[in-house]
Amino acid sequence: TCRTDDSPLPDLPQHFSAAEIGWLVRYRMAMRLEDLVLRRTGLVATGRLTSAGLRELAGAMAQALGQDAAWIEGEIALALADPRILGFHAKGGLP
């Protein structure tokens, strides 16, 4: 059978799965969402990362880290406040 955690996360511009995000958390020590998108995956450089993609990444990270919904919301808020993340390629605001 197909492992659902190996399925690509649909809202990401590149084909990362929850299993790959878990690997980055465990073996590359990505503990924060901003670290994951800025340094560990290069997703910001594509210019195609969306708030829906951030939410998927935060959910996959939370699962790997054993975190809850409050952690997810906090990480998303921090990421959205960082102009390097969604504002990297967007002029005049967030996409």
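Structure: above.
Remember, predicted model here, so these are calculated numbers, not experimental data.

Criteria and thresholds
Residues numbered from 1 in each chain as written. Predicted model: local features only at pLDDT ≥ 70, side-chain atom pairs only at ≥ 80, totals over all residues. Heavy atoms only, no water. Helix = DSSP H or I, 4+ residues; strand = E, 2+ residues; numbered from the N terminus. Buried < 20%, exposed > 50% of the residue type's maximum accessible area, 1.4 Å probe, protein only. Contact = heavy atoms within 4.5 Å. Polar contact = N/O pair within 3.5 Å; in protein donor to acceptor, adjacent residues only side chain to side chain. Core = buried A, V, L, I, M, F, W, Y, C linked by side-chain atoms within 4.5 Å. Salt bridge = Lys/Arg side-chain N within 4 Å of Asp/Glu carboxyl O.

Novice: Would you explain the environment of Arg-40 in this entry?
Specialist: Residue position: Arg-40 is located in helix 2 (residues 33-40). For Arg-40, a relative accessible area of 35% corresponds to the partly exposed category. If we ignore the near neighbours within four places in the chain, the residues touching Arg-40 are Leu-24, Arg-28, Met-29, Ala-30 and Asp-35. Within the structure, Arg-40 has its side chain in polar contact with the side chain of Asp-35 (distance 3.0 Å).

Novice: Explain the nonpolar core here, please?
Specialist: Proteins that are soluble and globular tend to have nonpolar side chains buried together. The biggest cluster of nonpolar side chains holds 26 residues, and the ones touching the most others in it are Ile-21, Leu-33, Val-37, Leu-49, Leu-54, Leu-57 and Ile-85. Where this core is concerned, the elements lending two or more residues are helix 1 (18-27), helix 2, helix 3 (43-46), helix 4 (51-65) and helix 5 (69-81). The greatest single-element share of this core, amounting to six residues, is contributed by helix 4. Setting aside anything within four residues of it in sequence, one finds Leu-57 in contact with Leu-12, Ile-21, Leu-33, Leu-36, Val-37, Leu-43 and Leu-49.

Novice: Help me understand the pattern of salt bridges, please; the structure alone is not making it clear to me.
Specialist: Opposite charge on two side chains allows them to pair when their charged atoms are near. Tallied over the full model, the rule gives seven salt bridges. Here Arg-39 ties to Asp-35 by a salt bridge, and the two come within 3.3 Å at their closest N and O atoms. Of this pair, Arg-39 and Asp-35 both sit in helix 2, four residues apart, which is roughly one turn of the helix. A salt bridge links Asp-35 to Arg-40; the shortest N-O distance between them is 3.0 Å. Counted as one network, the salt bridges with shared partners bring together Glu-34, Asp-35, Arg-39, Arg-40, Asp-82 and Arg-84.

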